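# Per-entry structural report
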Amino acid sequence: MMRYHPLIILYRIYQLIKNGLILGILLFVVKRDSDFWLLEYGRYVFIVGVLLRVIYIVGSWFVETYEWEERTFQIKKGLFVKHTSTIPFSKIQNVTRHTTLFHKLFGLTSLTFETAMDGDDDAITFQVVSKQHAAFLLELVNVEESQVPKLEKKEQDQHEEEVNEAENKVETDHVIHFEPTNQDLLKASFTSLSFLAIIPIVTGMYDFIEPLLPDSDQYQGVLYQIINSRWLIIMLSIIAVVIAIIIGIVRTFSRYGKYRISSSATHIYIERGLLDETHFAIEKQRIQGLEIEQKLLKRIFGLAEVKLISSASPQSEDYAVSVNSLYPFLPIKRAYQLMEALLPDYHVEESMNRLTKTSLYMKLIKPSWFWIVVTAGLFYFKPTIFQIDAAWWLLSLLLLLIVIANRILDYLHTKYLISDDQLQWWHGGLTSRMFITKRRRVIEMSYSQSILQRIFKLVSISTMNRSTPTRIETINDVPLDFAQTFQHWYLQRQKDTSYQENG
Amino acid sequence: MNELEHRLSSKFPKARIISETISNIIGFIVLAVLFWLGYYFDWPAWANWILIGLLLIAVVGTIWSFIEPHYLYRSWRYQIDIEYLQLRYGVLTKEWVTVPMSKIQSVSTSQGPIMRAYQMRSIKVETMGSSHVIPALEEQVALELRARIAELAKLKEVDE
C-alpha cells in the first residue's frame, strides 16, 4: 500500500490557484464594486468552492493509494465514494514523464501510464513523484514476466542502485535517431507561423502612434503626409518583424530545443522541452500506423510532421504539443528515414500510383454542398463587408475558387500503393497527409460508390484502425480495379495474423 | 466482383414501407405543428423558408420511401465465412464492408412490433470502432446467424 508523494497536495493547490486566478481577479478586483447578483453570490460560491477543493485535496491524499502485485496496479480513490480499479501492466500502451517548472523546483517529476481501456480508469497518473520512484515504477512496468520474481527481490534493495542500473541499461541499447540542430530550429520557428504575430502587433502600434502622425493636410499637403507616415510604417514594421522573429525563435527553442527521438529494440522514446520537460515512451508493437502531415506552409519549406497512431487515448490537457507527434518540422526525406529507422517493418515507397484524369473530372463535377449552403445564406442576407455592396457574390466566388483549388490539389496529392502487407497513401488538398499502416492493423475496410462515381467507375475506400477515437482514413475517387485489388489484398489478412483462442 | 451469398428476407420491403410510412406520418404532423406555430407567433420570413424547404424534402422523401425498399432489398447481400463478415448494400450510394471475424466484439438480434408481425429479426454486429446492421432476416435464419457469428468471433488475434 503506497501513498502518493506528499507534495502532491502543494502541486494540486498550485494548479487550483493557476486555474482559479482569472476568475478570482475578476470577482474580487476588477468587478469588486459591482452588486450584480451573479457576481455577488459568485464571490461566496467561489470562496466556498475553493475551500471545499482545498479540503478535498488534503483529504484525498490520505485516501488515495496505490499498490502493485504481480502484474497489476491497484488504484484506490474517493473521499466519499470508494473506488478501486485494477490495471494490468500488459494494458499499458505508453508512458509519459512530464517535468514542469514546479517539479524542477523540488527535483520531482510526474508520470502517466496510458492504457487503451475505455472509461475513466484508462490512465494511471502520478502527478508528483520522486525521480527515483519514477524510475522504479518504469522498471516495474517494463519487465518481462519471467523477471518478476527477481524484481520483487530487488524491491527491498536500495532504490538508488536500481536507478543507476536502469540508466546504464538505457545508455547501452538506445539508438538516437534525431536531435534538431540550431539550423533546424531556426527553420522551424519560421514555419510555425509564430512570425504572423506581427500583424496584431503592427496594427496595435499603429493605433498607438497614429495621434503623433503629422495631422497636416491643411498646410503640408497629402503627399507629404503619406511619405512621412510611410517611413514610420516601414520603421515600425521592421521593429515588429524583429520582435516577432525573436518571440518565434524563443518559443520554438523552448518547445523543440533539447528534442531527442531515440529507440530501443522494443520502444520509441521522445524527449523534449527546455523548461517543461517531457519524456514519452511507447512500445513499438502498439503502434497502429503512421501519419505524415504537411500543411501548406510546411510543404513550401519541404517540412513535415510525423505522427504515431496508437490505441492509447491521448491525455492532451497539460501538453502544449501532442504526445503522439514525433517532431513537427522534419525535412520530408528525413521523415521517411526516421520512420523506417524507428519501425523497420515499415517501408516508405516514393513511387506510388496516381489518380487518372477521370478522377479529376469527378472531383470537379461533384457538387460542393458546403459552397451551396454558404452561397444560399449569402444570397439571402446579402451582407455588406468592407463597405462593398457586391461583397456577397465576391465572397461566394472566392469560396468557390478555394473549393476548386483544394480539389485540384487533392487530385495532385493523391497517391496510393499496397505492397506485401502494407498500405500507404497520400491525400488531401491544402493540408496533405500520408497514411501508412499494416494489413493486420486495419480492423475493418469498406468502400462506397455514389451515383456519380458509378458513371466514372471510381470508388472511395475507407480503412479503420484502432485508436481513440477510431481512426478512419478515406481515399476518394480511386479506380474500381484498385478497390477490387484492395479488397482482395485485405481478404488475405490471415497471412499476417496469428490467432489465439479467446478464453 | 463475385456476388455474396445471402439476401435479406423477401418480406423486408413490405415491413420497411410500413415502418417508413409511420415515421413519415409523424414527421408531417411535426411539420404541420411547426407551420402553425410559425403562423401563430409570426416567425421571420427565413424561418418560413426553412419550413418550406423541409416540406419539400419531406414530400420527396415520402415518395422515395415507397420506391427505395424494393431496390434496397435487391441490393442487399451478406456473407460470412471463418474469417470475414461481408456486407454489400445501397441504392444510390453502394457500400461494401469487410469486417474480420476476430474484430467483432458483440452480436445481437432485435425485433420491433412490425418485425414481430412479419416474424423477422435484425442483427447488429459491433466491432471496436463501428457497428453494422443486417436489417431483416427470417427469425430462424437470424438466430442461427447470431450463434454462428458469436462462435466465429471467439478467435482473438495475438498482440492486442
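Think of each chain on its own: its residues are numbered from 1, step by step along the sequence as written. Chain labels run from A onward and ligand labels from 1 onward, assigned in the order the entries are written. Residues qualify for local features only when their pLDDT is at least 70, as the model is predicted, and side-chain atom pairs are given and counted only at 80 or more; totals for whole chains, interfaces and linings, by contrast, use all residues. The basis for every side-chain value is the complete set of heavy atoms in the structure, and neither hydrogens nor water enter the calculation.

- If you look chain B up in an unreviewed UniProt entry, it shows as PH domain-containing protein from Gracilibacillus salitolerans.

- Identification of chain A as PH domain-containing protein from Gracilibacillus salitolerans is taken from an unreviewed UniProt entry.

### Regarding helix α12 (residues 357-365) of chain A
All names here are of chain A.
- Within the sequence span of α12, burial applies to Ser-359, Leu-360, Met-362 and Lys-363. For α12, the angular spread of the buried residues around the axis is 160°, confining them to a single face.
- The inward-facing, buried residues of α12 abut α14 (391-413), α15 (451-456), β20 (458-465) and β21 (471-479). For each residue, the accessible area found with a 1.4 Å probe, counting protein chains only, is set against the maximum for its type, and the residue is called buried under 20%, exposed over 50%, and partly exposed in between. Helix numbers and strand numbers start at the N terminus; a helix is a DSSP run of H or I with at least 4 residues, a strand a run of E with at least 2. Summarising the geometry, the arc corresponds to the directions from the helix axis toward the C-beta atoms. Only heavy atoms matter for contacts: two residues are in contact if any of them lie within 4.5 Å across the pair.

### Focus on the packing of aromatic side chains
Residues and elements named next belong to chain A.
- Here is the rule: rings of Phe, Tyr and Trp (six-membered ring for Trp) pair when centre to centre is within 6.5 Å. Planes less than 30 degrees apart are stacked, more than 60 are edge-to-face, and the remainder are tilted. The full count for this structure, using the stated rule, is 32 aromatic pairs over all chains.
- Consider the rings of Tyr-14 and Phe-102, whose centres lie 5.1 Å apart with planes at 20°: the pair is stacked. You can see Tyr-14 sitting in helix α1 (residues 7-30) and its partner Phe-102 sitting in helix α3 (residues 101-106), a full 88 residues away along the chain.
- Judged by its relative accessible area of 35%, Tyr-14 is partly exposed.
- Exposure remark for Phe-102: the relative accessible area of 8% places this residue in the buried category.
- Between Tyr-66 and Phe-126, the aromatic rings sit 4.9 Å apart at their centres with planes inclined by 75°, giving edge-to-face as the arrangement. Placement of the pair is Tyr-66 in strand β2 (residues 65-69) and Phe-126 in strand β7 (residues 123-130), with a sequence separation of 60 residues. Phe-126 carries the same exposure label as Tyr-66, and that label is buried.
- Only lysine NZ and arginine CZ atoms are considered, and such an atom sits over a ring when it is within 6 Å of the ring centre and within 35 degrees of the ring normal. Sitting over the ring of Trp-61, Arg-3 keeps its end group 5.6 Å from the ring centre.

### Details of the interface of chain A and chain B
- Each side of the interface is counted separately: chain A has 31 residues, and chain B has 31 residues.
- Once two parts are joined, some of their accessible surface, as seen by a 1.4 Å probe, is lost; buried area is that loss totalled over both. Summing both partners gives a buried area of about 2,900 Å² for chain A against chain B, and 51% of it is carried by carbon and sulfur.
- The term polar contact refers here to a pair of N or O atoms within 3.5 Å; inside protein, the definition further demands a hydrogen-donor-capable atom paired with an acceptor-capable atom, and it admits residues adjacent in sequence only when both atoms are side-chain atoms. Scanning the region where chain A abuts chain B turns up 13 residue pairs in polar contact (both at pLDDT 80 or more).
- Elements with a contribution of two residues or more to the side of chain A that touches chain B: β19 (442-449), α15, α16 (480-491) and β22 (499-501) of chain A.
- The biggest single contributor to the side of chain A that touches chain B is β19 of chain A, with 7 residues.
- Following the grouping adopted for this structure description, the nonpolar residues are Ala, Val, Leu, Ile, Met, Phe, Trp, Tyr, Cys and Pro, the charged ones are Asp, Glu, Lys and Arg, and the polar ones are all others, Gly among them. Among the residues making up the side of chain A that touches chain B, the classes are represented as 9 nonpolar, 14 polar and 8 charged.
- Pairing between two strands requires that DSSP report at least two bridges joining them. In the sheet, β19 of chain A pairs with strand β3 (residues 94-100) of chain B via 5 bridges, with the strands oriented antiparallel. Note that in β3 of chain B the partner of Tyr-447 of chain A across the bridge is Trp-96 of chain B.

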